[in-house]
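# Residue-level structure breakdown
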Amino acid sequence: MAHETEDISQLQLESIIGFNGKVPFGLTVHPDCENIIYPLGCTTVVQNLKTSYQAFLESHTNNISFVAVSKSGKYIATGQVTYMGFKADIIIYNYVEKAVHAHMTLHQAKVEALAFSPNDLYLVSLGGQDDGSVVIWNIATKLSICGSPACVATAGNAQIVKFANNMDDTFITGGTGTLRLWLLDLPNRKIRATECQTGHLKRMINCIEITKDDSFFYCGTTTGDILMVSMKTGLLNNYGPTKNKFSLGVTALVELKSGDILVGSGDGIVALCKAPNFKPLKKVQVEGGISSISLRGQGHQFFIGTFTSQIYRFNFTEFKEELITTCHSDAVLDVAFPCGTSDLFGTCSKGEIRIWHTPTNKELLRIVVANMTCNAIEFMQDGRSIISAWNDGKIRAFTPETGKLMYTIHNAHADGVTAIAATSDCKKIISGGGEGQVRVWEISSKCYKFTAGLKEHTSNVSCIKMKKNDKECVTASFDGTCIIWDIVRADLREKTQKRARNKRRRYARNQMILANTLFKCVCYHPEEYQIITSGKDRKIGYWEVYDGSAIRELDGSLSGSVNGMDITANGDCFVTGGEDKLIKFWGYNEGEVTHIGVGHSGTINRIKISPSMKHIISVSSDGAILRWRYPYTN
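### Observations concerning empty space enclosed by the protein
Summed over the entire model, instances satisfying the criterion amount to two cavities of 30 Å³ or more. Of the volumes computed, that of the largest cavity is approximately 40 Å³. Around the largest cavity, the lining residues are Gly556, Ser557, Ser561, Val562, Thr576, Gly577, Gly578, Asp580, Leu582 and Lys584. Mapped onto the lining of the largest cavity, the elements with two or more residues apiece are strand E50 (573–578) and strand E51 (582–587). Take the lining of the largest cavity: its biggest share by element is three residues, from E50. Taken together, Ser15, Ile16, Ile17, Phe345, Asn361, Ile617, Ile625, Leu626 and Arg627 form the lining of the second largest cavity.

If you want it as structure tokens, here you go:
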């Protein structure tokens, strides 16, 4: 990619809304107590708790699978997943310099878990199920010391590793049918394992927490109980609770200074427990299963990360949750600004629509429709409703202040609604479906009427854009066509023209553009004499609206389709994004890239320039929403 970004200015990334809550123990409070560290795609985010300033550690080539922070706070280690047959990287960053300290590659396909020794001498890494090895690395020399199979051939996969709190030569691994205590023999460059005996109990280990004095360690299990095992003998000392186990398993454990234990469960319970019976003394329910618990300082505050990508802050004495960060946990499929304002924008994903405050990244409103996927959203120009396209074939309209459902158009499309647009007078909605139909709906005071069905596309309608005068629209489709439609009723046209010379049918096709591609996006130039398109063939096409003829063609990407496109209000510039994960800022007349934005870890699905031309918002399949500074001052 170096030759593509050479001699081109970088877009400035202002902020990221996103957190991959599915990474186990991914959320960590740094020992300086001022920052939290969490993964998002192949980026590690360091966020200041007071100012919300974000720093980004970007060196991985694929999604991060684990994040570990050293006890002193000097180092951050991250591991990634990669494709079968390739080796997965481990990167150690220097926290103060935010620079790469070491780049280490040994494990196949995935790095399952990482842990630092208490004095920052060693890093232990655990490979995934296709690798099955545990390796000790010397942090100073950046080389591996030794390795070993993580478990015996008859056991399952090891999934978690934890170093002792006071000994640099002792660590524990656990997983499916395996729990082992390891001792590093440095002179002989070997690690020796001792099997821990749990008697008649057969458990799958999710998480491990070692007591401050290294006398015992606790294991959270998928069964929903906690095992207490001796560090000296490796024998089971106790377990509990025997009744009312934690639903969906114990997924996170942290020991407090008092010796009590914070427990997180798969069904979203955060509980305070006491050994040896492990019965909950206090408990709170949050949204989504718990993936991380991290203490701030001595534990007066602690932070919770969930599988649904929420970050909560708890005050220990009150034991009440406060939601501090939230984001989409699934792919974000569309983004839209209300007419004339850049302070708000909306995004949609699986089961939800969210409205965000642009300057602060705060979520203002969440609209939930369970078990459905919202494919596209649009703000009506009068600001009174948000219209949305859903995969169950319905168009739903909501109030932007409260999220209350205003009306639903049932059976709008047989194969799901895939694209949506509205006229500037807010009296018509144009929708596109998975089956290829384009339909026109007349809207009036919470009621609707089907007006016309346009049946020329033969595949998924991916994008709809309106002309400013509301008389035409353009639709892009996966069938390799873009069609410009006349959407003014014939009887109205005759009245305005005072003669019936126009013999065309009402709601007719004006022009068709054909190309050997799956069109993903289309935009009118503000002067509306040209349109630009792009899609799977990675080409950006300029077309004449009058006769549908091709004007020019640009290479939009070196790899992967171009999925999103938006053009500025003055028509001088446009932006694109797609499967190459790059934001490209183009001069319209020159047809050349002037700026490139690097920051997305997943495929970019949609991109929008704010009405004030101060920001660019891009959304991607890893659930991230990125805000970029517009490169030119207005």
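### Description of the layout of surface pockets
Here the idea is plain: a probe the size of a water molecule rolls over the atoms and shows the empty space left. Considering only enclosed or pocket space, the second largest pocket measures out at about 1200 Å³ in volume. Thr28, Val69, Lys162, Asn165 and Glu209 are the residues nearest the centre of the second largest pocket, which is lined by 42 residues in total. Mapped onto the lining of the second largest pocket, the elements with two or more residues apiece are strand E3 (28–29), strand E7 (64–69), strand E11 (111–116), strand E15 (158–163), strand E19 (205–210), strand E23 (250–255) and strand E27 (290–296). For the lining of the second largest pocket, the element with the highest residue contribution is E27, accounting for five residues. In the lining of the second largest pocket, the residues fall into 26 nonpolar, nine polar and seven charged.

### Some details on the pairing of strand E49 (residues 562–567)
Summarising burial for E49: six of the six residues are buried, a large majority. Across five bridges, the pairing between E49 and E50 is antiparallel. Paired with Met565 across the bridge in E50 is Thr576. The hairpin turn running from E49 into E50, its antiparallel successor, is five residues long, and Gly571 in that turn takes a positive phi close to 80°.

### A look at unusual backbone geometry
A cis amide bond, omega -10°, links Gly240 with the succeeding residue Pro241. Residue position: Pro241 is located in the loop between strand E22 (236–240) and E23. Here Ala275 and Pro276 are connected by a cis peptide whose omega angle stands at 5°. If you trace the backbone, Pro276 turns up in the loop between strand E25 (269–274) and strand E26 (279–285). Positive phi, close to 60°, is recorded for Asp214, a residue that is not glycine. Position of Asp214 among the secondary structure elements: in the loop between E19 and strand E20 (216–221). Residue Phe319 is not a glycine yet carries a positive backbone phi of 55°. Considering the arrangement of structural elements, one finds Phe319 in the loop between strand E29 (310–315) and strand E30 (320–326).

Calculation criteria
Residues numbered from 1 in each chain as written. Predicted model: local features only at pLDDT ≥ 70, side-chain atom pairs only at ≥ 80, totals over all residues. Heavy atoms only, no water. 1 Å grid on protein atoms, 1.4 Å probe; cavity = no way out; pocket = protein on both sides within 12 Å on 5 of 7 lines; lining within 4 Å. Points joined across faces, edges and corners; volume = space filled by probe spheres on them. Helix = DSSP H or I, 4+ residues; strand = E, 2+ residues; numbered from the N terminus. Nonpolar A, V, L, I, M, F, W, Y, C, P; charged D, E, K, R; others polar. Buried < 20%, exposed > 50% of the residue type's maximum accessible area, 1.4 Å probe, protein only. Pairing = 2+ DSSP bridges.

Functional significance is not addressed by these values, which are geometric in nature.
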